[in-house]
Amino acid sequence: MNDPTLLSGRGLGLRFGGITALAEVDVDLWPGEILAIVGESGSGKTTLLNVLSGRIVPDSGVVWYRDPAGQLHDVHVMPAPALRTLHRSDWGFVHQDPRQNLRMSVSAGGNVGERLMAQGARHYGDIRSAALDWLAQVEIDADRIDDLPRTFSGGMLQRLQIARTLVTHPRLVFMDEPTGGLDVSVQARLLDLIRSLVTRLGIAVVLVTHDIAVARLLAHRIAVMQRGRIVETGLTDQVLDDPRHPYTQLLVSSVLSA
Amino acid sequence: MTVMLSTRGLSKSFVLHLRDGLRMNVLDGVDLAVAAGECVVLSGPSGAGKSTLMRSLYGNYRADSGAIWVRHDGAMVDIAAADPRSILAVRHKTLGYVSQFLRVVPRVPALDVVAEVLLTRGVGPDAARERARSLLMTLNIPARLHAIPPATFSGGEQQRVNLARGFIAEHPILLLDEPTASLDADNRAVVIEMVRAAKTRGTAIVAICHDADVRDAIADRLFAMSPYQDAA
């Protein structure tokens, strides 16, 4: 294949009333590539994530996704059921608040198994053993499989959400501040977990974060957003160690180092 | 003589927007060539741009003008013009960099920090860890430390883990930034031996090295640099 691009956004623009949420945004993602989108609150990071994943329709521009057969799909024109199928199979979404994704009244094992069942898995024993395997991969004890998520800590909930998302082996995962709101020690464990799983499974990730250290640890490439525009983009270490745009310089110089 | 790395008219400045756009010129038309099996040590006073040159060679800093040719997969790639994915491919296979300080990843044991590059190249976990173990032992990192994340290691131990990580993949081109700064005499001797062995394999090496003994032991020639002179 000459052009391996998995996901491509071109000329994306969106306004909320008088506010520019996105302007002239171009994004490309290759298989297995991790792209971090950084910027302060209100810069349009999460809006971009929602547009790329088909959850918000932009005023202008187009988002293409290449399916495993090499077929291109315009994410915003494809029929809703097809987009839902995509979100249940090829794609995953990791929210900052795991409660947005998890079903709090269903057991931990059920939360992981549900996504498999949505894909057509029917054999109870297989589903349960896949759930057990994934709980182990995200370091949740097997004896918690029948417990309800509301008995879990914040870090455990986030790990459960990751297990639920990755159990179907998606090719592309959207992550919105996956370590936000967690204690530093819990963050480190989660980051290491995300890093090793994503690398091992070769998953492409669009990662929204305001935390530059998270971007540095996880991302191959980085895009810096300010007021709805990408002001600087490139190799993660280049942009962070040799920032050129005034806003990127401000962002990098504002980080406290421990 | 096969040239592995060369620069042509490489220039680099920094514009500090938070300091009213202050412009700092650091490199001005640098021409450097390094052959296979050769070790070139950058020399010059503090502020001459040695680290800036090194980081530019690695693609960590973006050149303003000029070219940085690297022999990768039998062809020459211009790091100064290459897109991010090409730079990552060159770093993966061809261009290794041992920075002065280890950037530690939380929770990853020293052994895996070192083995990582081999694992990403598809070497089996057992073989990769075995190679990492033997390299760490060569650098006098005792086995009891291998399973521990290096965050709590001393400066010298971290530097040796970093060296093991940098040397394990046997990149055809190696950039060494003060590889022995935090090391005692015994370990400096180990590093000198490792550099010599790499040169024998045909590795092209660019180093920054303030320790005169180490420099004399590894350098085939010095590349003199001086602070940027603004045109009067």
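Scroll up for the structure.
Scoring rules and cut-offs
Residues numbered from 1 in each chain as written. Chains lettered and ligands numbered in written order. Predicted model: local features only at pLDDT ≥ 70, side-chain atom pairs only at ≥ 80, totals over all residues. Heavy atoms only, no water. Pairing = 2+ DSSP bridges. Helix = DSSP H or I, 4+ residues; strand = E, 2+ residues; numbered from the N terminus. Contact = heavy atoms within 4.5 Å. Buried area = accessible area lost by both parts, 1.4 Å probe. Salt bridge = Lys/Arg side-chain N within 4 Å of Asp/Glu carboxyl O. Polar contact = N/O pair within 3.5 Å; in protein donor to acceptor, adjacent residues only side chain to side chain. Nonpolar A, V, L, I, M, F, W, Y, C, P; charged D, E, K, R; others polar. Axes fitted to C-alpha atoms, helices over the stretch in contact; angles between N-to-C directions. Buried < 20%, exposed > 50% of the residue type's maximum accessible area, 1.4 Å probe, protein only.

Peer 1: Hey, could you run me through the pairing of strand β1 (residues 3–16) of chain B in this one?
Peer 2: If a strand is regular, its side chains alternate between the two faces of the sheet. All names here are of chain B. Examined bridge by bridge, β1 and strand β2 (residues 22–35) share ten bridges and lie antiparallel to one another. What sits directly across from Leu16, in β2, is Leu22. In terms of strand pairing, β1 meets strand β4 (residues 65–72) through five bridges, oriented antiparallel. Bridge assignment links Ser11 to a residue of β4, and that residue is Ser65.

Peer 1: Just checking my understanding: could you explain the interface of chain A and chain B for this structure?
Peer 2: Size of an interface: often given as the accessible area lost when the parts come together. On the side of chain B, 24 residues touch chain A, which itself brings 29 residues to the contact. Together, Leu235, Gln238 and Asp242 of chain A form the three largest contributors to the area buried by chain A at its contact with chain B, with a combined 24%. Put simply, chain A and chain B have nine salt bridges between them. Between Arg91 of chain B and Asp237 of chain A there is a salt bridge whose closest N-O contact spans 2.9 Å. Here chain A and chain B share 15 residue pairs in polar contact (both at pLDDT 80 or more) between them. Counting only elements with at least two residues in the side of chain A that touches chain B, the list comes to β2 (19–29), α6 (184–201), α7 (212–218), β10 (229–235), α8 (236–241) and α9 (246–253) of chain A. Here the side of chain A that touches chain B is composed, by residue class, of nine nonpolar, seven polar and 13 charged.

Peer 1: Would you mind going over the sheet that holds strand β8 (residues 204–208) of chain B with me for this structure?
Peer 2: To summarise the sheet geometry, strands pair through backbone hydrogen bonds and adopt either a parallel or an antiparallel arrangement. All names here are of chain B. Read across the open sheet, the five strands follow the order β6-β7-β8-β3-β9; overall the sheet is parallel. Strands with a single pairing partner mark the edges of an open sheet, and in this sheet they are β6 (95–98) and β9 (221–224). Put simply, the sheet's adjacent strands are angled 20° from each other on average, direction ignored.

Peer 1: I would appreciate a short explanation of the pattern of salt bridges in the present structure.
Peer 2: Close approach of charged atoms allows side chains of opposite charge to pair. This structure, assessed with the given rule, holds 32 salt bridges over all chains. Two residues, Arg196 of chain B and Glu193 of chain B, come together in a salt bridge whose shortest N-O distance is 3.3 Å. On the criterion of helical spacing, the pair formed by Arg196 of chain B and Glu193 of chain B is a turn pair, its members being three residues apart in helix α6 (residues 185–201). You can call Glu193 of chain B partly exposed: its relative accessible area is 45%. Residues participating in the shared-partner salt-bridge network are Glu139, Arg189 and Asp192 of chain A together with Arg107 of chain B.

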